[in-house]
Amino acid sequence: MSNYLRGLAWLPLVCLLTACGAASEDELRQWMTAQRNVAHPKAAPISEPKQFQPENYVTAGEVEPFSNQKLTQALKRDSSQAASNGALIAPELARRKEPLEEFPVDSMAMVGSMLKEGKPVALITVGKLLYQVHNGDHLGLNFGRVTKISETEVSVREIVQDAAGEWIERPASLQLQERSK
(Lines give C-alpha, C1' and ligand atoms only; values in the text may rest on other atoms or scores of the structure.)
Protein backbone atom coordinates (compact mmCIF):
# COMPACT_ATOMS: atom_id res chain seq x y z
CA MET A 1 0.00 0.00 0.00
CA SER A 2 2.86 2.36 0.60
CA ASN A 3 3.86 2.05 -3.05
CA TYR A 4 0.31 2.98 -4.02
CA LEU A 5 0.42 6.11 -1.84
CA ARG A 6 3.80 7.14 -3.25
CA GLY A 7 2.40 6.84 -6.79
CA LEU A 8 -0.58 9.03 -5.85
CA ALA A 9 1.79 11.65 -4.39
CA TRP A 10 3.63 11.95 -7.73
CA LEU A 11 0.46 12.12 -9.82
CA PRO A 12 -0.41 15.82 -9.13
CA LEU A 13 3.17 16.88 -9.88
CA VAL A 14 3.18 15.06 -13.23
CA CYS A 15 -0.21 16.55 -14.19
CA LEU A 16 1.00 20.04 -13.26
CA LEU A 17 4.16 19.76 -15.41
CA THR A 18 2.17 18.41 -18.36
CA ALA A 19 -0.28 21.30 -18.19
CA CYS A 20 2.55 23.86 -18.05
CA GLY A 21 4.22 22.36 -21.11
CA ALA A 22 1.12 22.57 -23.31
CA ALA A 23 0.37 26.18 -22.32
CA SER A 24 3.91 27.42 -22.99
CA GLU A 25 3.96 25.67 -26.39
CA ASP A 26 0.73 27.46 -27.43
CA GLU A 27 2.16 30.80 -26.32
CA LEU A 28 5.34 30.15 -28.29
CA ARG A 29 3.36 29.32 -31.46
CA GLN A 30 1.29 32.53 -31.10
CA TRP A 31 4.44 34.65 -30.65
CA MET A 32 6.10 33.09 -33.73
CA THR A 33 2.97 33.76 -35.83
CA ALA A 34 2.86 37.39 -34.66
CA GLN A 35 6.56 37.89 -35.45
CA ARG A 36 6.14 36.32 -38.87
CA ASN A 37 3.30 38.72 -39.67
CA VAL A 38 5.26 41.78 -38.51
CA ALA A 39 8.58 41.03 -40.24
CA HIS A 40 8.81 41.89 -43.93
CA PRO A 41 11.97 41.06 -45.88
CA LYS A 42 13.75 43.99 -47.49
CA ALA A 43 14.84 43.19 -51.03
CA ALA A 44 16.96 45.62 -53.04
CA PRO A 45 15.50 46.43 -56.46
CA ILE A 46 17.28 44.86 -59.42
CA SER A 47 19.01 47.27 -61.76
CA GLU A 48 17.91 47.45 -65.37
CA PRO A 49 19.84 45.27 -67.81
CA LYS A 50 22.30 46.88 -70.22
CA GLN A 51 21.09 47.40 -73.72
CA PHE A 52 22.69 44.94 -76.17
CA GLN A 53 24.64 46.62 -78.97
CA PRO A 54 25.34 44.21 -81.85
CA GLU A 55 28.72 44.48 -83.62
CA ASN A 56 29.18 44.16 -87.35
CA TYR A 57 31.21 41.12 -88.45
CA VAL A 58 33.81 42.29 -90.93
CA THR A 59 35.72 39.59 -92.83
CA ALA A 60 37.34 41.69 -95.53
CA GLY A 61 41.10 41.11 -95.73
CA GLU A 62 41.15 38.17 -93.31
CA VAL A 63 41.81 34.53 -94.06
CA GLU A 64 38.76 32.30 -93.97
CA PRO A 65 39.17 29.75 -91.15
CA PHE A 66 38.39 26.77 -93.38
CA SER A 67 40.36 27.83 -96.45
CA ASN A 68 43.12 25.79 -98.11
CA GLN A 69 45.53 28.67 -97.51
CA LYS A 70 45.12 28.43 -93.72
CA LEU A 71 45.51 24.64 -93.81
CA THR A 72 48.69 24.93 -95.88
CA GLN A 73 50.20 27.42 -93.41
CA ALA A 74 49.44 25.13 -90.47
CA LEU A 75 50.97 22.09 -92.20
CA LYS A 76 54.16 24.03 -93.05
CA ARG A 77 54.48 25.17 -89.42
CA ASP A 78 53.98 21.62 -88.11
CA SER A 79 56.53 20.14 -90.52
CA SER A 80 59.16 22.75 -89.53
CA GLN A 81 58.59 21.96 -85.83
CA ALA A 82 58.86 18.23 -86.52
CA ALA A 83 62.16 18.81 -88.34
CA SER A 84 63.59 20.82 -85.43
CA ASN A 85 62.38 18.16 -82.96
CA GLY A 86 63.92 15.42 -85.09
CA ALA A 87 67.24 17.30 -85.19
CA LEU A 88 67.27 17.37 -81.37
CA ILE A 89 66.60 13.66 -80.81
CA ALA A 90 68.15 12.05 -83.95
CA PRO A 91 71.79 12.07 -82.72
CA GLU A 92 70.69 10.50 -79.44
CA LEU A 93 68.93 7.62 -81.21
CA ALA A 94 71.87 6.93 -83.55
CA ARG A 95 74.59 6.41 -80.88
CA ARG A 96 75.42 3.39 -78.72
CA LYS A 97 73.95 3.45 -75.18
CA GLU A 98 76.29 3.88 -72.21
CA PRO A 99 76.03 1.78 -68.99
CA LEU A 100 74.48 4.54 -66.84
CA GLU A 101 71.62 5.02 -69.32
CA GLU A 102 69.97 1.90 -67.92
CA PHE A 103 69.08 3.68 -64.66
CA PRO A 104 66.88 6.70 -63.86
CA VAL A 105 68.74 9.80 -62.63
CA ASP A 106 66.86 9.78 -59.31
CA SER A 107 68.31 6.33 -58.48
CA MET A 108 71.86 7.71 -58.75
CA ALA A 109 73.85 9.46 -56.03
CA MET A 110 76.94 11.62 -56.35
CA VAL A 111 79.35 10.57 -53.63
CA GLY A 112 82.45 12.54 -54.60
CA SER A 113 84.54 14.28 -57.22
CA MET A 114 88.18 14.41 -58.19
CA LEU A 115 90.56 15.71 -60.86
CA LYS A 116 91.92 13.10 -63.25
CA GLU A 117 94.56 14.36 -65.70
CA GLY A 118 93.43 17.92 -64.95
CA LYS A 119 89.77 17.23 -65.80
CA PRO A 120 86.90 16.95 -63.28
CA VAL A 121 85.48 13.50 -62.67
CA ALA A 122 82.36 12.77 -60.60
CA LEU A 123 81.94 9.58 -58.59
CA ILE A 124 78.39 8.27 -58.88
CA THR A 125 76.85 5.21 -57.24
CA VAL A 126 73.93 3.19 -58.52
CA GLY A 127 73.01 0.47 -56.08
CA LYS A 128 76.36 -0.84 -54.83
CA LEU A 129 78.33 -0.02 -57.98
CA LEU A 130 80.61 3.03 -58.31
CA TYR A 131 81.04 4.80 -61.66
CA GLN A 132 83.39 7.57 -62.84
CA VAL A 133 81.56 10.18 -64.92
CA HIS A 134 83.20 12.77 -67.19
CA ASN A 135 81.82 15.82 -69.01
CA GLY A 136 79.91 14.65 -72.08
CA ASP A 137 79.03 11.21 -70.69
CA HIS A 138 75.43 10.04 -70.94
CA LEU A 139 73.29 8.92 -68.02
CA GLY A 140 69.63 8.43 -67.11
CA LEU A 141 66.65 7.22 -69.09
CA ASN A 142 65.90 10.58 -70.75
CA PHE A 143 68.95 10.94 -73.03
CA GLY A 144 70.83 12.77 -70.26
CA ARG A 145 74.26 14.25 -70.99
CA VAL A 146 76.68 15.58 -68.35
CA THR A 147 77.27 19.28 -69.03
CA LYS A 148 79.24 20.35 -65.94
CA ILE A 149 80.95 18.75 -62.98
CA SER A 150 81.75 20.73 -59.84
CA GLU A 151 82.88 19.62 -56.38
CA THR A 152 79.28 19.37 -55.14
CA GLU A 153 77.11 18.89 -58.23
CA VAL A 154 76.79 17.19 -61.62
CA SER A 155 74.68 19.17 -64.11
CA VAL A 156 72.80 17.13 -66.70
CA ARG A 157 70.84 18.12 -69.81
CA GLU A 158 67.94 15.74 -70.54
CA ILE A 159 65.75 15.51 -73.65
CA VAL A 160 62.11 14.75 -72.83
CA GLN A 161 58.74 15.00 -74.53
CA ASP A 162 56.37 17.70 -73.32
CA ALA A 163 52.58 17.38 -73.12
CA ALA A 164 52.22 18.21 -76.84
CA GLY A 165 54.66 15.43 -77.79
CA GLU A 166 57.51 17.76 -78.75
CA TRP A 167 61.09 17.05 -77.68
CA ILE A 168 62.53 19.69 -75.35
CA GLU A 169 65.68 20.07 -73.27
CA ARG A 170 65.35 20.01 -69.49
CA PRO A 171 68.07 20.60 -66.89
CA ALA A 172 68.66 18.10 -64.09
CA SER A 173 71.36 17.72 -61.46
CA LEU A 174 72.87 15.33 -58.96
CA GLN A 175 73.88 16.85 -55.63
CA LEU A 176 76.75 15.54 -53.50
CA GLN A 177 75.38 13.09 -50.93
CA GLU A 178 77.19 13.11 -47.61
CA ARG A 179 77.71 9.78 -45.91
CA SER A 180 75.53 9.20 -42.84
CA LYS A 181 77.30 7.50 -39.92
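Before reading on, note that the structure itself is shown above.
J.: I would appreciate a short explanation of the side chain of Arg-157 in the present structure.
T.: If you trace the backbone, Arg-157 turns up in strand S6 (residues 153–161). Arg-157 sits in the buried class, given a relative accessible area of 18%. Of note is the side chain of Arg-157, whose polar atom sits 3.4 Å from the side chain of Glu-169. Non-local contacts of Arg-157, meaning those with residues more than four positions away in its chain, are made with Glu-92, Phe-143, Gly-144, Arg-145, Thr-147, Glu-169 and Arg-170.

J.: Where do I start with the sheet that holds strand S2 (residues 119–126) in this structure?
T.: Hydrogen bonds along the backbone pair up the strands of a sheet, which may run parallel or antiparallel. Spatial strand order, S1-S2-S3: three strands in an open sheet with antiparallel pairing. Looking at which strands have only one partner, the edges of the open sheet turn out to be strand S1 (108–116) and strand S3 (129–133). Looking at each pair of strands side by side, their axes are set apart by 25 degrees on average, direction ignored.

J.: Teacher, can you tell me more about the packing of aromatic side chains here?
T.: What characterises a pair of aromatic rings is the spacing of the ring centres plus the angle enclosed by the ring planes. Summed over the entire model, instances satisfying the criterion amount to one aromatic pair. A ring pair is formed by Phe-143 and Trp-167, whose centres lie 6.0 Å apart and whose planes are at 75 degrees; its orientation type is edge-to-face. On the criterion of sequence distance, the pair formed by Phe-143 in the loop between strand S4 (138–139) and strand S5 (144–149) and Trp-167 in strand S7 (residues 167–175) is long-range, its members being 24 residues apart. On the accessibility criterion, Phe-143 (12% relative accessible area) is buried.

J.: For this particular structure, what's the right way to read the nonpolar core?
T.: For soluble globular proteins, the rule of thumb is that nonpolar side chains tend to be buried together. Core analysis: the largest hydrophobic core is formed by 14 residues, its most contacted members being Met-108, Ala-122, Ile-124, Val-133, Leu-139, Val-154 and Leu-174. Elements supplying a minimum of two residues to this core: S1, S2, S5 and S6. Looking at which element gives the most residues to this core, the answer is S2, with three residues. Apart from residues no more than four positions distant in its own chain, Ile-124 is found in contact with Met-108, Ala-109, Met-110, Leu-129, Leu-130, Tyr-131, Val-133, Leu-139 and Leu-174.

The rules we used
- Residues numbered from 1 in each chain as written.
- Predicted model: local features only at pLDDT ≥ 70, side-chain atom pairs only at ≥ 80, totals over all residues.
- Heavy atoms only, no water.
- Helix = DSSP H or I, 4+ residues; strand = E, 2+ residues; numbered from the N terminus.
- Buried < 20%, exposed > 50% of the residue type's maximum accessible area, 1.4 Å probe, protein only.
- Polar contact = N/O pair within 3.5 Å; in protein donor to acceptor, adjacent residues only side chain to side chain.
- Contact = heavy atoms within 4.5 Å.
- Pairing = 2+ DSSP bridges.
- Axes fitted to C-alpha atoms, helices over the stretch in contact; angles between N-to-C directions.
- Phe/Tyr/Trp six-rings, centres within 6.5 Å; stacked < 30°, edge-to-face > 60°.
- Core = buried A, V, L, I, M, F, W, Y, C linked by side-chain atoms within 4.5 Å.

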